[in-house]
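# Close look at the chain arrangement
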Amino acid sequence: MDSFKPKFFATSTKGENAELLVDLNSEYRDRRKDAVKRVIANMTVGKDVSSLFPQVVKNMQTEDLEMKKLVYLYLMNYAKSNPDLVILAVNTFVKDTDHVNPLIRALAIRTMGCIRVDKILDHLCEPLRKCLGDDNPYVRKTAAICVAKLWDLDQERAIENGFVTMLQDLISDSTPMVVANAVTALAEMQESSATKDVFVVNVAIMNKMLAALNECTEWGQIAILTSLAEYKPLDSKEAENICERVVPRLQHANGSVVLSAIRVIMMYMRYIKSEEFIKGLIKKMSPPLVTLLASAPEVQYVSLRNINLILQKRPDILQNDVRVFFCKYNDPPYVKREKLEIMIKLCNEKNIDQLLSELKEYASEVDVDFVRKAVHAIGRCAIMIDEASERCVNVLLDLINTKVNYVVQEAIIVIKDIFRKYPKRYEAIIPTLCQNLDSLDEPEAKGSLIWIIGEYAERIENADELIENFLETFLEENSQVQLQLLTATVKLFLKKPSQSQEIVHRVLQTATQEIDNPDTRDRAYVYWRLLSTDPQAAKAVVLSEKPPISAESSSNRISPGLMDELINNISTLASVYHKPPTAFMGNKAFSADAVRKAAVADARDEEQITGETMDSPSGGAPAAKNAMADLLDLDFGSSEPAYTSPPISSSKPVSNNGPNYSADLFDMSADMPSNTGVFGGMNNMGGMSGMGGMGGMGGMGGMGGMGGMGGMGGMGGMSNPPAQHPAPAADPFGNLGTFGAPPQQQKPATTQSSTVNDLLDLF
Amino acid sequence: MISAFFIYNQKGEVLISRLYRQDLKRSIADIFRIQVISNTDVRSPIITLGSTSFFHVRHENLYIVALTKWNANAALIFEFCYRFINIGRSYFGKLDEEAVKANFVLIYELLDEVLDFGYPQNSETDTLKMYITTESVKSERAMREDSAKITIQATGATSWRRSDVKYRKNEAFIDVIESVNLLLSTQGNVLRADVAGQIMMRAYLSGTPECKFGLNDKVLLEKDPSNRRKSSNTVEIDDCQFHQCVKLGKFDSDRTISFIPPDGEFELMRYRTSDNINLPFRVHPVVTEIGKSKIEYKILVKANFSSKLNANNVVLTIPTPLNTAGVTCSVSAGKAKYVPAENSIVWKIQRFQGQSEFMLTGEANLTAMTHKKAWSRPPISMDFQVLMFTSSGLLVRFLKVFEKSNYQSVKWVRYMTKAGNYQIRF
């Protein structure tokens, strides 16, 4: 035998199927078995061996269990392509379900359920009924899952034959594993059932499940815990009791059992009134969460994403544990990234020094992406904790002095934010920043430094020289930098008119005549017009006070509605992505459920959404609508007054969505593990929602484009995307005519476009 | 909820493919190969393409991949992948491409058993081994009699133990193995120090023994200050997990660890503590960069444990810059040499007596580099084993065995502390 083994995967020269055919018909058992093995090997590598169907099935009638399993495996794969021949196998199946050996009985019923051919179904019901009542628990637990398989194919038949009722009875079975599988099957059926009455967890069922919880396998425990989460406790006392029964699971060695238990506890906390009890639960949850960090990196990753969620819901958890989240040198990048996020969330006045020295340490590591995130984190700490901002700035200055190119660039980007949070506090460091002018090659870093120069033009003696320096390459720059340069030059002019009249003139001329990007060009026109008609108004607009920024950008914060949904999904994919399940799943799996959930979400978010937005063509796709609702929700919770100011949001809600929708796309690309996948999903939604045009285009047009779109859209519907789309090219002069709106309304618009830019860039 | 399960080799060839659900086709396997295996920049173990999510774990030269179209329990899927790896290792010794190719039939059998319709079923190796075996030929009658027993066990409350175990001499061995994790800052401050402990048990006990196990700690999960008695012989455990044989409900109510052990070796308990850690080694590094062409090393290591004990296989890995041309060093014990492939000086000391200290002095000569980027100074890492020593101070107080037949049993306890992530920044 041994010498044959490698041959299973070897490629033969020609007519392999013919060769196999001969062997399958051989009179020798060993030869036949080898042939079946080779068939399976071919199947594995993706070769089509369906033509051998009759010959393989002939070998099904055997006492050799291994052989039988192989044939069954073949059957499961190819039954669909040979539905007529499957009938050959039925007899053996039915006979096997009567076999004295329980293993064979179970195997037969398990396999039959996987053969999705109508002809088999006709013969499945009788054996299934028998197996559900089998006196061997192993057969019963297999039959329980088989009911779910049947349900998936033909719900009617499952109900008519009374299998659903039989399954419900199995919840009272004496063997814990049978209970667990019955729960698993029922829970799945409930999801796809139209009437939602297959599995309603009531007090009696809940008690039975709790009783089985202690004794079934780890996987069974997860199934039960998942279904427990569906139960709505009657009062606080009951919720407390259930939590007490679930708490011991936190000590389980399997991380997914722990997370499933945490989900139940987090959900039940909503019903518990006693603050004392909740405190106790939180205390008990902390150590197991920390312990999850000792598991395999992939499990750690899932845990960290969930810890991130739990921290947002219950900031009091893990307060003293920031150290355990310090990165190990050899953690995989995805774990380091998540740990960093959590460190920032746990950062407070007490641990900031420790954290800063740790972050500084990371800034000297090799992984560029991680280093940048660490530098960025320092900036976020500065914005979060006022008292520590000076220490953070000093660390950033130290890092700038290392002259490592990407560290310097990232540091400058975050320093711009610090300037926005604490205006006029750290002007003294501007000269240091300006020293690094030449090493900047990324648009974002350049844009940030230019913004700082423009904002503090009156304090920087040679501001005009610096701007001049950047202007040399004005035409080659990325549109984002161009926009910043434009604004900075105008600021400079307004602050020091004597020095820079010539510059501003030149810039506006170049921007309006030589640049094709409508955003840059249009902004130049706006400035020009503003400056020529009323310089005082221009001053009021361009040099107006900026709204302060908060540590977390609006796109990073999770709305309460979404948060509740994510808590209900702890440990699942949704909790990893921090997105509702509908955002990444095909609609068909939960279609009925999705509608229900979307309805709930809509109702919840109603007061936050203007009527017109609801009416916007959403293509009737509940999934998209749900996602949109969440996005809008994020949007309106943002810290920017421009967005919520009534004239803009009510007059043009659709164009208003533009930047935020895209903002979210970008946020996802930064946050989510998979660019392609997410984009795929989002595009899908965009297409259905009818706003996809905007969002998608904004995404393609790049950051600058989006900022422009948001701002302009509010003013006069000039939301034409950048050049890729041959939408009617807006004639800037024509549009200028529509600027009948008073300057106050333009003011938020101009500041906003840079604000949006900044936020997008940052978070 | 696992829709399909694949195993790939490093080239992206499918070695095992098993579909559990009809919501996807086998051709989806190609998508994973294109998007993940041939993609050099994969930054997450979970990837969602369209509405299909791919979960992957790398092991040896394999990709273990589970697919789902659902909002599946992500933690469960990864735990399952690792469980599968463990089962494979227990069956084949090593789960790599060769083992998978040679045993693909058995792997299909296992996959059929451990997952049904995408839901994990019994994954206890001991039980699986009873009815999924490499030697498939068995006499018919024996098979029939066995299978009734097997199925009861596979679904029963003690699915991990056969009822008919018999030994002439009843023995139980307990190994307390602690991994010390340390992160020491450049200034010599302890940034984090914790112990991840493991209590391994080898039980060779007849019948269905009920065991009770006690440690020198009250396992105070709630760190209640009023209960805290800081006497030297108790240990405060932050958190612990148990093998599924331990009755968690009982532990939660009165803190007793009671269980019916599986036969043979298993991990009874894992624990974590960060309180009062005795660090077995202190390292004082002085590393100075002299100009651009030379780095001077002075590394002092001191053993903190009792002089009656010895540490074995002590290894210090001291990083050197990428542009190191050569290293000269001398040590007061053991052997040190420069390993260019690892960019480090590896210093090995076979036997390290407690309370003693050793010194390495050396110089690394650097070649001129064109780019100016400063050396990132990765931490010094250390490896060691100290027998009969626990960093946490944990001790086994008792192990009681109760069985119907009331036999006498012999128990043995061993302790070992080894290095987990023992890193010293400089």
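Everything numeric here is computed off the predicted structure, so don't read it as measured data.

Reading the values: rules and limits
Residues numbered from 1 in each chain as written. Chains lettered and ligands numbered in written order. Predicted model: local features only at pLDDT ≥ 70, side-chain atom pairs only at ≥ 80, totals over all residues. Heavy atoms only, no water. Helix = DSSP H or I, 4+ residues; strand = E, 2+ residues; numbered from the N terminus. Contact = heavy atoms within 4.5 Å. Areas by Shrake-Rupley, 256 points an atom, 1.4 Å probe, with all protein chains shown as cover. Lys, Arg positive; Asp, Glu negative; His and termini not counted. Charge placed at Lys NZ, Arg CZ, Asp CG, Glu CD. Buried area = accessible area lost by both parts, 1.4 Å probe. Salt bridge = Lys/Arg side-chain N within 4 Å of Asp/Glu carboxyl O. Polar contact = N/O pair within 3.5 Å; in protein donor to acceptor, adjacent residues only side chain to side chain. Buried < 20%, exposed > 50% of the residue type's maximum accessible area, 1.4 Å probe, protein only. Pairing = 2+ DSSP bridges. Phe/Tyr/Trp six-rings, centres within 6.5 Å; stacked < 30°, edge-to-face > 60°. Lys NZ or Arg CZ within 6 Å of the ring centre and 35° of its normal. Axes fitted to C-alpha atoms, helices over the stretch in contact; angles between N-to-C directions. Parallel < 35°, antiparallel > 145°, perpendicular 65-115°, else oblique. Nonpolar A, V, L, I, M, F, W, Y, C, P; charged D, E, K, R; others polar.

All right, on to the overall build of chain B then. Along chain B, the regular secondary structure elements total seven helices and 23 strands. By principal-axis analysis of the C-alpha atoms, chain B measures approximately 80 × 60 × 45 Å. Counting contacts in chain B only where the partners sit at least 6 residues apart, residues at least 24 apart contribute 69% of the total. Per element, the accessible surface of chain B, about 18300 Å² overall, is 49% carbon and sulfur. Computed over 56 positive and 44 negative side-chain charges, the separation of the two mean positions in chain B equals 4 Å.

Contacts between chain A and chain B engage 109 residues on the former and 93 residues on the latter. A combined buried area of about 8900 Å² lies between chain A and chain B, and 57% of that area is made up of carbon and sulfur atoms. Where chain A meets chain B, there are ten salt bridges. B:Arg425 is the salt-bridge partner of A:Glu361, the closest N and O atoms lying 3.9 Å from each other. On the surface where chain A and chain B come into contact, there are 36 residue pairs in polar contact (both at pLDDT 80 or more).

This part takes up the pairing of strand 21 (residues 380-387) of chain B. All names here are of chain B. What you see with strand 21 is a clean split: Ile380, Met382, Phe384 and Val386 sit on the buried side and Ser381, Asp383, Gln385 and Leu387 on the side with no burial. For strand 21 and strand 23 (residues 410-424), the ladder comprises six bridges, and the chain directions are antiparallel. If you follow Met382 over to strand 23, its bridge partner there is Tyr422.

Evaluated as defined, the whole model comprises 32 aromatic pairs over all chains. Ring plane angle 80 degrees and centroid distance 6.0 Å describe the contact between B:Phe5 and B:Phe80, whose orientation is recorded as edge-to-face. Of the two residues, B:Phe5 is situated in strand 1 (residues 4-9) and B:Phe80 in helix 2 (residues 74-92); the sequence distance between them amounts to 75 residues. B:Phe80 carries the same exposure label as B:Phe5, and that label is buried. Members of the aromatic cluster, joined through ring pairs, are B:Phe281, B:Phe305, B:Phe352, B:Phe358, B:Phe384, B:Phe389 and B:Tyr422. One Lys or Arg, A:Lys336, reaches over the ring of A:Tyr329 and ends 5.7 Å from the middle of that ring. The ring of B:Phe117 carries B:Arg21 above its face, with NZ or CZ at 3.6 Å from the centroid.

Glancing now at the packing of helix 2 (residues 29-45) of chain A against helix 4 (residues 104-114) of chain B. The contact between helix 2 of chain A and helix 4 of chain B brings their axes to 10 Å, and the two run at 75 degrees. Between helix 2 of chain A and helix 4 of chain B, the angle is such that the two are roughly perpendicular. Two secondary-structure elements touch here, helix 2 of chain A through A:Lys37, A:Ile40, A:Ala41 and A:Thr44 and helix 4 of chain B through B:Phe104, B:Val105 and B:Tyr108. Looking at side-chain class alone, the contact of helix 2 of chain A with helix 4 of chain B contains five nonpolar, one polar and one charged residues.

Taken by themselves, the reported measurements are silent on function.
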